[in-house]
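Here is how the chains run, residue by residue.
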Amino acid sequence: MAYESELALGLTPYVAGEQPKDRQFIKLNTNENPYPPSPRVQEALAGLAPSLRLYPDMEATALREAIAQVNGVRPEQVFCGNGSDEVLAFAFAAFFAGKTLRAPEVTYSFYPVYAQLFGVHYATVPLRADYTVDVDGLMQDGPVALANPNAPTGIFLPMEAIRRMAAHCRAHDAVLLVDEAYAAFAPETAVPLLREYDNLLIVRTFSKSHSLAGMRVGYAMGHPRLVDALRRIRDAFNSYPLDRLAQAAATAAILDTGYTDRCTARVIAAREETRQTLLAAGITVLPSATNFLFVKADPADAGPVQRALREEGILVRHFSAEKLRPWLRVSMGTEEEMRRVAGALVRLIRK
Ligand code: PMP
């Protein structure tokens, strides 16, 4: 006997990137945005303290309307949660529990954890030799989840591939979940497909594109029937996932599209400049449609390079999974920071 449930003891929890408290780093290990949120966020938050006496709007109405407006969908197609991690968790419970879910072998490492938590049979499909997602391999007889662009590779699948998967899943009465955490940095999104496929669920976050990782806001877009299922799970768990500050901040942030576009353009410029510098030095770097680069830092294990960067005040992410061990995931900082980081990588990586 133990105090803990078998569930608690049996889980292999997700391990998030370090949030250091000891010193100032160029912090490129959790894909945060290097720029602050829109100044309108600060304005929206001012004076809200007295209202915190009251529970928030559980349907996040103003935020859902703003998200709908910016994405060209209807508010009843939008569901909001406490970070996209929570939205993903609700989606696993709502659409995958008790079923076999297929996902790329290399993708967001939270998916297998949610699968374990919610009794989902999680079946993985290896990436192809060029690190792209094996679309045909994923198309079997049940639901599919993938990040597009994928993480931590950064590689992007065009909309036509998503369409094929949505149609295939539809024919098997199954949901296709596309995690678009990084879509703001990619050439296109699957949102136009929502008009055609009632089994497509697109999940987004405010953490990267809108510089609100500290606020914890994510959302899903899909057919109202899918949104209703997410709501059922929410109301079986926590009716108020988004507090008043988060709703106000996210609403202000998403409506300031000009600011977001300017920050996104700078992140993309830093990404392309950094990638070119590394390629010119003979370093292998995957093409990226995200706010990070996946850099091959060692033939076998990039751990020593990660630690050497840390000594120089630069934090990047290294994954322990066998296939990912030669690589480092480097989030984009400011252009100035990235020149320093690219210099350090060129110096430290053995070619
Ligand atoms: N999806 C992917 C692919 C991610 O990389 C992340 C960031 N760790 C998330 C979802 C979660 O983002 P958040 O919970 O901050 O919205």
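Everything numeric here is computed off the predicted structure, so don't read it as measured data.

## Here's the deal with the overall build of the protein
Part 1 of the argument: Summing up its helical and strand segments, the protein has 12 helices and 11 strands in all.
Part 2 of the argument: Compactness check: the protein gives a C-alpha radius of gyration of 20 Å against a globular reference of 20 Å for 351 residues, within 12% of the reference.
Part 3 of the argument: Referenced to the eigenvectors of the C-alpha coordinate spread, the extents of the protein come out at roughly 55 × 50 × 50 Å.
Part 4 of the argument: Taking all 351 residues of the protein together, the buried fraction comes to 53%.
Part 5 of the argument: Contacts in the protein between residues far apart in sequence, at least 24 positions, make up 72% of those at least 6 positions apart.

## Details of the site of the ligand
Part 1 of the argument: Inspection of the region around the ligand gives Gly83, Ser84, Asp85, Leu88, Tyr108, Asp179, Ala181, Tyr182, Thr205, Ser207, Lys208 and Arg216 as its neighbouring residues.
Part 2 of the argument: Here Ser84 contributes a backbone N or O atom positioned 2.6 Å from an oxygen atom of the ligand.
Part 3 of the argument: Expressed as a share of its isolated accessible area of 400 Å², the protein-covered part of the ligand is 92%.
Part 4 of the argument: The element best represented in the shell around the ligand is helix H4 (residues 83-96), accounting for 4 residues.
Part 5 of the argument: A per-class count over the shell around the ligand returns 4 nonpolar, 4 polar and 4 charged.

## Details of a nonpolar patch on the surface
Part 1 of the argument: A cluster of nonpolar side chains, Tyr55, Met58 and Tyr240, forms an exposed patch at the surface whose accessible area comes to about 320 Å².
Part 2 of the argument: Position of Tyr55 among the secondary structure elements: in the loop between helix H2 (39-45) and helix H3 (61-71).

## Considerations on the packing of aromatic side chains
Part 1 of the argument: Inspection of every chain in the model, using the stated rule, returns 15 aromatic pairs.
Part 2 of the argument: For the pair Phe92 and Phe96, a centre-to-centre distance of 5.1 Å together with 85° between the ring planes defines the contact as edge-to-face. Residue Phe92 and its partner Phe96 are both found in helix H4; the two are separated by 4 residues, about one turn of the helix.
Part 3 of the argument: Between Tyr182 and Phe292, the ring centres sit 5.0 Å apart and the planes meet at 85°, which makes this aromatic pair edge-to-face. A residue pair is termed long-range when its members are at least 10 positions apart, and Tyr182 in the loop between strand E6 (176-179) and strand E7 (200-205) and Phe292 in strand E9 (residues 292-296) qualify at 110 residues.
Part 4 of the argument: The exposure class assigned to Tyr182 is buried, which follows from its relative accessible area of 8%.
Part 5 of the argument: Here a set of aromatic residues connected by ring pairs shows up, and it is made of Tyr14, Phe92, Phe96, Tyr108, Phe110, Tyr111 and Tyr114.
Part 6 of the argument: The aromatic ring of Phe292 is capped on one face by Arg329, whose charged end is 5.7 Å from the ring centroid.

## Some thoughts on the pairing of strand E8 (residues 218-221)
Part 1 of the argument: Neither face of E8 is left uncovered, since the one carrying Gly218 and Ala220 and the one carrying Tyr219 and Met221 both have all their residues buried.
Part 2 of the argument: Inspection of the sheet shows strand E2 (residues 78-81) paired to E8 by 4 bridges, in the antiparallel sense. The residue of E8 that forms the bridge with Phe79 is Ala220.
Part 3 of the argument: Bridging between E7 and E8 involves 4 bridges; their strand directions are antiparallel. Within E8, the residue paired with Arg204 across the bridge is Tyr219.

## Regarding the environment of Val295
Part 1 of the argument: Structurally, the position occupied by Val295 is in strand E9.
Part 2 of the argument: With a relative accessible area of 0%, Val295 lands in the buried category.
Part 3 of the argument: Taking the C-alpha atoms as reference points, Val295 and Thr264, 31 residues apart in sequence, are found 21 Å from one another.
Part 4 of the argument: Ignoring anything within four residues of it in the chain, the contact list for Val295 reads Leu278, Ile283, Thr284, Val285, Pro326, Trp327, Leu328, Val330 and Ile349.

## Quick look at the domain arrangement of the protein
Part 1 of the argument: By the assigned domains, the protein splits into domain 1 (6-30 + 258-349) and domain 2 (39-255).
Part 2 of the argument: Carbon and sulfur atoms supply 66% of the area buried between domain 1 and domain 2, which totals about 2,200 Å² over both sides.
Part 3 of the argument: Joining domain 1 to domain 2, the criterion identifies 1 salt bridge.
Part 4 of the argument: Where Lys323 meets Glu105, a salt bridge forms, and the shortest distance between an N and an O atom there is 3.0 Å.
Part 5 of the argument: At the boundary of domain 1 with domain 2, the tally comes to 6 residue pairs in polar contact (both at pLDDT 80 or more).
Part 6 of the argument: Elements that contribute at least two residues to the side of domain 1 that touches domain 2 include exactly helix H1 (6-10), helix H10 (257-280), E9 and strand E11 (327-331).
Part 7 of the argument: Residue contributions to the side of domain 1 that touches domain 2 peak at 6 residues, all from H10.

The rules we used
Residues numbered from 1 in each chain as written. Predicted model: local features only at pLDDT ≥ 70, side-chain atom pairs only at ≥ 80, totals over all residues. Heavy atoms only, no water. Helix = DSSP H or I, 4+ residues; strand = E, 2+ residues; numbered from the N terminus. Rg over C-alpha atoms; globule rule 2.2 N^0.38 Å. Buried < 20%, exposed > 50% of the residue type's maximum accessible area, 1.4 Å probe, protein only. Contact = heavy atoms within 4.5 Å. Near = heavy atom within 4 Å. Polar contact = N/O pair within 3.5 Å; in protein donor to acceptor, adjacent residues only side chain to side chain. Areas by Shrake-Rupley, 256 points an atom, 1.4 Å probe, with all protein chains shown as cover. Nonpolar A, V, L, I, M, F, W, Y, C, P; charged D, E, K, R; others polar. Patch = residues over 30% accessible without salt bridge, like charges linked within 9 Å, V, L, I, M, F, W, Y side chains within 5 Å. Salt bridge = Lys/Arg side-chain N within 4 Å of Asp/Glu carboxyl O. Phe/Tyr/Trp six-rings, centres within 6.5 Å; stacked < 30°, edge-to-face > 60°. Lys NZ or Arg CZ within 6 Å of the ring centre and 35° of its normal. Pairing = 2+ DSSP bridges. Domains from an automatic or database assignment. Buried area = accessible area lost by both parts, 1.4 Å probe.

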